[in-house]
Amino acid sequence: MSVTVRIPSQLRELSGGAAEVSLEAGTVQSILKALDAAHPGLGARLFDDAGALRRFVNVFVAEEDIRFLDGVDTVIEDGQVVSIVPAVAGG
Amino acid sequence: MANFRELLSQTKNQISEIEPIGAEQRIGQATFLDVRELDEFEQGMIPGSVFIPRGHLESQVESKIVDRATEIVVYCAGGVRSAFATKTLQDLGYTNVISMAGGFGRWKNEGRPWITPAVLNPEQRNRYHRHILLPEVGEDGQQKLLESKVLLLGAGGLGSPAALYLAAAGVGTLGIVDMDVVDASNLQRQILHNMERIGHRKVDSAKSTLTSLNPDVNVVTYDVRFGADNVLDIISGYDVIVDGTDNFPTRYLLNDAALMKNIPVVHGSIFRFEGQVTVFDPYNGPCYRCLLPEPPPPELAPSCAEAGVLGVLPGIIGSLQALETIKILLGLGDPLIGRLLAYDALETSFRTFKVRHDPKCPTCSPGSEIVIFEYDQYCMPHAVLKDGTTETH
């Protein structure tokens, strides 16, 4: 029972260089917390001090933005892919 | 065997004709089809006509007039070729075709409306030949590109390939906004510029490169900081905006101004090894604030100047922006409206994610009012308060 979390290149320094991390299925919240436990420091880039998902971090389940699903309570099924897509502004 | 007179007479018995006075009343309802030769057509045409020389009629009409029930008024110079063309169209299954008696000659003599068409000159026909070969573009599409106006924000990493390809494609007016000068460290990726232009204004370097590539292109330069005081004036009149800026506040400012002016924005952004492309079509899809309600704080969003960018990456993303721009200008295919294309250069993958219109979007949801005002690092919209005053930060 696992899901795949895709790590963007700008956060890979915190995931030991891994582009994908395999984690137990659950809600987006539980999965990202597990991600932080596995790779300390990643959580601070995703959640603010109050524990809310930062608004400039977009999280997609397959192609869907979790803001238009159930937010961090969105349940991720076994085998689904969660993508963290940070805002970038370079030109 | 029939001679010409007999053949014409037989043909006219099998078709219907309409006098110019009656044909003029069909403008707006019927499709006017001009079957003369190019040199005649160039001298003048009935506005809005489809042009297919008689010799190409059978091979081209199905792609230019798709619906066989379309009401078609066929004309030539005097009414002979149009009679034969009408018969041919009937044979091809077109059910509502009529030939205009007396042709364009009588139409013009009677003082009915005509215009001189914008046509490509022989050099342009050669330069854009590969476009003209595409039925989806053709001479009409090329003419449309030549009449189009695209504004590029930034003549840097993204703006360079986008501007080069749009100029090569024959987009007739390219506006370029950039206040920087060319630095040697730009040349690793900003292919508009070169060694000789170091220290020159980027907009001048861009203009020099683009006009030597294609003299058809009118390059309009804006050597200014793009800000709340000038954004609306600068973007007015452009058909599409290519966003290749390098910071969040400018992107939010552009978003809000483009919504006000109802101009589509082709967004591109890059960072280190990753790039993103999407299209914000005002009120016909999400806007930048729907995708990104808040920018990251500067400490979590280092710029390319601080964190680096692989030199080829903006070439890929800027080229995609140019392609999306041409699709929008010509109405081709499915532009990236409501879809974010993310490119990861290290693993060579393209992924698309859905971007939805946010019903609570402060700038593009129904009833929202937009105030153009300089943004700080938080880029929050300036709300119009209940008493009519404007909240600023």
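Rules behind the numbers
- Residues numbered from 1 in each chain as written.
- Chains lettered and ligands numbered in written order.
- Predicted model: local features only at pLDDT ≥ 70, side-chain atom pairs only at ≥ 80, totals over all residues.
- Heavy atoms only, no water.
- Helix = DSSP H or I, 4+ residues; strand = E, 2+ residues; numbered from the N terminus.
- Buried < 20%, exposed > 50% of the residue type's maximum accessible area, 1.4 Å probe, protein only.
- Contact = heavy atoms within 4.5 Å.
- Lys, Arg positive; Asp, Glu negative; His and termini not counted.
- Charge placed at Lys NZ, Arg CZ, Asp CG, Glu CD.
- Pairing = 2+ DSSP bridges.
- Right-handed = clockwise from strand over helix to strand, strands pointing away.
- Buried area = accessible area lost by both parts, 1.4 Å probe.
- Salt bridge = Lys/Arg side-chain N within 4 Å of Asp/Glu carboxyl O.
- pLDDT = per-residue confidence, 0-100.
- Axes fitted to C-alpha atoms, helices over the stretch in contact; angles between N-to-C directions.
- Parallel < 35°, antiparallel > 145°, perpendicular 65-115°, else oblique.
- Left-handed = near helix turned anticlockwise from the far one by under 90°.
- Nonpolar A, V, L, I, M, F, W, Y, C, P; charged D, E, K, R; others polar.
- Phe/Tyr/Trp six-rings, centres within 6.5 Å; stacked < 30°, edge-to-face > 60°.
- Lys NZ or Arg CZ within 6 Å of the ring centre and 35° of its normal.

Lay out the overall build of chain B with the relevant residues and their values.
For chain B, the helix and strand inventory stands at 16 helices and 13 strands. Looking at the 393 residues of chain B, the share that counts as buried comes to 51%. Across chain B, the fraction of contacts at a sequence separation of at least 24, relative to all contacts at a separation of at least 6, is 67%. Of the charged side chains in chain B, 34 are positive and 48 negative; the average position of the first set lies 5 Å away from that of the second.

A description of the sheet that holds strand 5 (residues 97–100) of chain B should follow, citing residues and the corresponding values.
Residue and element names in this part refer to chain B. Pairing is parallel in the open sheet, where five strands are placed in the order 1-5-4-2-3. For this open sheet the edge positions go to strand 1 (17–18) and strand 3 (50–51), each flanked by a neighbour on one side alone. Two strands pair when backbone bridges link them, and strand 2 (residues 31–34) and strand 3 are joined in this way by two bridges, in the parallel orientation. When the bridges of strand 3 are listed, aspartate 34 appears paired with phenylalanine 51.

Can you lay out the pairing of strand 5 of chain B for me, pointing to particular residues and giving the numbers?
Residues and elements named next belong to chain B. In this sheet, strand 5 lies alongside strand 1 in parallel orientation, the contact comprising two bridges. Opposite isoleucine 18, over in strand 5, you have methionine 100 as the bridge partner. Chirality of the crossover, the property in question, places the unit of strand 4 (residues 72–75), helix 5 (residues 81–91) and strand 5 among those that are right-handed.

Give a detailed account of unusual backbone geometry, specifying residues and quantitative values.
Positive phi outside glycine occurs at A:Ala62, with the angle close to 55 degrees. Structurally, A:Ala62 can be placed in the loop between strand 4 (57–61) and strand 5 (64–65). Take A:Ala62: its relative accessible area is 46%, and that puts it in the partly exposed class. A positive phi angle is found at B:Tyr283, which is not glycine, with a value near 65 degrees. Topologically, B:Tyr283 is positioned in the loop between strand 11 (274–280) and helix 14 (288–291).

Let's hear about the interface of chain A and chain B: which residues, and what values?
Residue-level contacts link 27 residues of chain A with 39 residues of chain B. Buried surface at the junction of chain A and chain B, both sides included, amounts to about 2800 Å², of which 54% is carbon and sulfur. Area buried by chain A at its contact with chain B is led by A:Phe56, A:Val88 and A:Gly91, which between them contribute 21% of it. Residue A:Glu64 is joined to B:Lys354 by a salt bridge in which the shortest nitrogen-to-oxygen separation is 3.0 Å. Top contributing element to the side of chain A that touches chain B by residue count: strand 7 (residues 81–86) of chain A, with three residues.

Hey, could you go over the confidence of the model for chain B for me, with residue numbers and the actual values?
Confidence in the prediction of chain B, expressed as mean pLDDT, is 94, and 97% of residues score 70 or more. Scored as a complex, the prediction yields pTM 0.85 and ipTM 0.94.

So what's going on with the packing of helix 10 (residues 159–168) of chain B against helix 11 (residues 202–213) of chain B? Which residues, and what values?
All names here are of chain B. One way to put it is that helix 10 packs onto helix 11 with a least axis distance of 9 Å and a crossing angle of 30 degrees. If you check the angle between helix 10 and helix 11, you find them roughly parallel. For helix 10 against helix 11, the interelement crossing comes out right-handed. Contacts between helix 10 and helix 11 involve Ala163, Leu164, Ala167 and Ala168 on the former and, on the latter, Thr209, Leu210 and Leu213. Here the contact of helix 10 with helix 11 is built from residues that sort into six nonpolar, one polar and no charged.

How would you summarise the sheet that holds strand 6 (residues 149–153) of chain B if you had to cite specific residues and measurements?
Residues and elements named next belong to chain B. In space, the eight strands of this open sheet follow the order 8-7-6-9-10-11-12-13, with mixed pairing throughout. Two strands in the sheet have a free side with no partner beyond their single neighbour: strand 8 (218–222) and strand 13 (349–354). Strand after strand, the sheet turns through a mean of 15 degrees between neighbouring axes, direction not considered. Of the pairings in the sheet, the one linking strand 6 to strand 9 (residues 240–243) comprises four bridges and is parallel in character. Of the residues in strand 9, the one forming a bridge with valine 150 is valine 240. Helix 13 (residues 248–261) rests against strand 6, strand 9 and strand 10 (265–271) of the sheet, and its axis sits at about 170 degrees to strand 10. The sheet strands contacting helix 16 (residues 313–330) are strand 6, strand 9, strand 10, strand 11, strand 12 (339–344) and strand 13, and the helix crosses strand 10 at an angle near 170 degrees.

How would you explain the environment of A:Ala25 if you had to name every residue and give the values?
Inspection of the secondary structure puts A:Ala25 in the loop between strand 2 (20–24) and strand 3 (26–27). Given the relative accessible area of 26%, A:Ala25 is considered partly exposed.

Describe the packing of aromatic side chains, listing the residues and the values that go with them.
All names here are of chain B. Scanning the model with the defined rule gives nine aromatic pairs over all chains in all. Here tyrosine 343 and phenylalanine 350 contribute two aromatic rings whose centre-to-centre distance is 4.6 Å and whose plane-to-plane angle is 25 degrees, an arrangement assigned as stacked. The class of tyrosine 343 is buried, set by a relative accessible area of 11%. The partly exposed category is assigned to phenylalanine 350, whose relative accessible area is 48%. Here a set of aromatic residues connected by ring pairs shows up, and it is made of Tyr75, Phe104 and Trp114. Between the NZ or CZ atom of arginine 36 and the centre of the ring of phenylalanine 104, over which it lies, the distance is 4.5 Å. A cation over an aromatic ring shows up here: arginine 289 above the ring of tyrosine 375, its NZ or CZ 5.3 Å from the ring centre.

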